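Structural description and commentary
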Amino acid sequence: MQVFVVGGAVRDALMGERVNDRDWVVVGSTPEAMTAQSFVPVGKDFPVFLHPQTREEYALARTERKTARGYKGFAVQAAPDVTLEEDLARRDLTVNAMAVSEALAHQPPSTWAGHIVDPYGGQQDLQSKVLRHVTLAFAEDPVRILRLARFAARFADFSVAGDTMALMRQMVEDGEVDHLVPERVWQELARGLMSAQPSRMFAVLRDCGALKVLLPELDRLWGVPQRPEYHPEIDTGVHMMMVMDMAARLNMPLSVSVACLMHDLGKGTTPTDVLPRHIGHEGRSVKLLQKVCERLRVPTDCKELAEVVAREHGNIHRSAELGPEALMRLLDRCDAIRQPERFARVLQACECDARGRLGFEEAAYPQAERLLKAQQAALSVETAPIAEAAAAQGLKGPKIGEQIAKARAQALAASL
C-alpha cells in the first residue's frame, strides 16, 4: 500500500499558499484492508475513508468512465491494480493532477524537487500560469467547465490554454452544459463569487458559450448601453463585472455578491428605442432574479437581499435628495427597522454598484452613512408609549402605525 497527497494541496503548497485541506490517495489497497487498519468508510459512490486519528479523507485510487449524461452518469472502478497515474488522469486540470508521497508531504515543498509525481505537466503549467485540461476525459463532465472558470477567478493571472477553451466550446455545442444539475451550478458559482476576481469566472463562461446557457439573463447585458454621464464604462455587462470585482475587493459576503450580480438584470430587457435610458429596469430586475434564484435554487437569504437591492438601489443612490418622510418610507420598503443587519448588507451592495463604475472606484459613498444614521434614529424611537397614547385616543391598526411613522420621521429630521 502506498499513500500520496494529491490535487489542490500539492498545487497550493508549490504556489506558496496556505494548505487548508489535504486529499489523500491510496494505491494498492482494498476496502477490507483499509477497515482492518481502523479507517472509517464514508464514501457512497466510491471508496473513501476517514483516517482514525486525523479524520482526513483517504480515497482508493480509481478510474472513472462516463456511462450517461448528468452528474451521476459515471462508472467508478477502484481496485488494487489502479495506478497513481491512472487516478491522476481522471482529474480536471494539470495543476490539480500532481502528487507527493506521504513521507514528503510532511516536509517543506522546497524538498520536493525531483520527487513530485507529475505525469501531465502540472509543474510547467503552474510556472507558466496556464489552466489546461489533463486528458480529453475532461469533456465527460461539464461541471469541469464551471470548476475551471472558478479557478480562473481565484488565480486571476492564469490564462486558459487554447486547446482547453476549444474543448469547452465543443462541450457547450454538444449540449453537455444543458444537463448540469442546479445544485452543482450554484455551488461552483457561489465559490467563484467569493474568489479574488469574479469577473474572470464570467469571462471564461462567456468565452466558451456556457454563460448563455446557464445565465442568459446575465449574458444578454453585454452590448447594452447605459447613459455615459452616469456610467462612463457604458456597457452594462462591463459595469456588472466591475461591480462584482468591487464586491470581492471589499470582501463582501456571499449574499451581497449575489445581490450585486443580479441587481441590473432588467437592463437586458430594456426596449431598444429608449436606450441608453433604462426606465423601470428595477422592477424587471426583481422578476428576472426571482426566476434565476428559483432555477438555481439560490438560498433564501441571498434571494431576499437581491430583491431589495434590485428594487431600491436607484432610490438609495438618490437618497441624499430625500427629506425625513421620504427617507422613512425608503427604510420601510427595505424593512430596515425589522431587519437592521440586512439593511447594512443592502447598503454594502449599493456601494459596490456605485463604485463599480469607470473612474468611481475610489469614490466615497456618503449615502450609506446617512441612511445608517437615519436608521439608528428611527430605531431609537420608543414605540410602545406612542401606541398606548394612540389607542387611548381611539386610534387603531394603520392609524397607530401612522403615528409611529410620524414620530420616527421627526427623529430622522432631528438627526440629519
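Our subject is the structure listed above.
Quick summary incoming for the structure in this document. Only a predicted model underlies this, so the values are computations on that prediction, with no experimental measurement involved.

Focus: the overall build of the chain
- Along the backbone of the chain there are 20 helices and 10 strands.
- Seen through its C-alpha atoms, the chain measures out along the principal axes to roughly 85 × 50 × 40 Å.
- Relative to its 416 residues, the chain shows a buried fraction of 49%.
- Partitioning the contacts of the chain with sequence separation of at least 6, the portion at a separation of at least 24 is 66%.
- With 50 positive and 55 negative side-chain charges, the chain shows a spacing of 5 Å between the two charge centroids.

Re the packing of helix H8 (residues 182-193) against helix H13 (residues 254-262)
- The contact between H8 and H13 brings their axes to 10 Å, and the two run at 100°. Between H8 and H13, the angle falls in the class roughly perpendicular. Contacts between H8 and H13 involve Trp186, Ala190 and Leu193 from the former and Leu254, Ser257, Val258 and Leu261 from the latter.
- Partitioning the contact of H8 with H13 into residue classes produces six nonpolar, one polar and no charged.

Comments concerning the pairing of strand E2 (residues 23-27)
- Along E2, four of the five residues are buried, which leaves the element largely enclosed by surrounding structure.
- In the sheet, strand E1 (residues 2-6) pairs with E2 via five bridges, with the strands oriented antiparallel. Bridging across to E2, Val3 finds its partner in Val26.
- Taken together, the three bridges between E2 and strand E5 (residues 57-60) define a ladder with parallel strand orientation. Note on E5: the bridge partner recorded for Trp24 is Tyr58.

Points about the sheet that holds E1
- The strand order across the open sheet formed by six strands is E3-E4-E5-E2-E1-E8, and the pairing between neighbours is mixed. Taken across any chain shown, the strands that pair with only one partner, and hence form the sheet edges, are strand E3 (40-41) and strand E8 (99-101).

Details of the nonpolar core
- If you look at the biggest cluster of nonpolar residues, it comprises 107 residues, and the most contacted ones within it are Ile145, Met168, Leu189, Phe202, Leu205, Leu218 and Ile316.
- The dominant element in this core, judged by the number of residues it contributes, is helix H6 (residues 143-154), at eight residues.
- Among all residues touching Met168, those that are not within four sequence positions of it are Phe138, Ile145, Leu148, Val160, Val204 and Cys208.
- Membership of the second largest hydrophobic core comes to 13 residues, among which are Ala79, Val82, Leu88 and Ala99.

Considerations on the pairing of E5
- The sheet contact formed by strand E4 (residues 48-50) and E5 spans three bridges and is antiparallel. Paired with Phe49 across the bridge in E5 is Tyr58.

Here's the deal with the pattern of salt bridges
- Evaluated as defined, the whole model comprises 24 salt bridges.
- With a shortest N-O distance of 3.3 Å, Asp87 and Arg90 are connected by a salt bridge.
- Residue Arg90 is classed as buried on the basis of its relative accessible area, which comes to 13%.
- Residue Lys267 pairs with Asp264 through a salt bridge whose shortest N-O separation is 3.2 Å. For the pair formed by Lys267 and Asp264, the shared burial category is buried.
- Among the ionic contacts, a cluster of salt bridges with common partners joins Arg11, Asp12, Glu17 and Arg154.

Rules and cut-offs
Residues numbered from 1 in each chain as written. Predicted model: local features only at pLDDT ≥ 70, side-chain atom pairs only at ≥ 80, totals over all residues. Heavy atoms only, no water. Helix = DSSP H or I, 4+ residues; strand = E, 2+ residues; numbered from the N terminus. Buried < 20%, exposed > 50% of the residue type's maximum accessible area, 1.4 Å probe, protein only. Contact = heavy atoms within 4.5 Å. Lys, Arg positive; Asp, Glu negative; His and termini not counted. Charge placed at Lys NZ, Arg CZ, Asp CG, Glu CD. Axes fitted to C-alpha atoms, helices over the stretch in contact; angles between N-to-C directions. Parallel < 35°, antiparallel > 145°, perpendicular 65-115°, else oblique. Nonpolar A, V, L, I, M, F, W, Y, C, P; charged D, E, K, R; others polar. Pairing = 2+ DSSP bridges. Core = buried A, V, L, I, M, F, W, Y, C linked by side-chain atoms within 4.5 Å. Salt bridge = Lys/Arg side-chain N within 4 Å of Asp/Glu carboxyl O.

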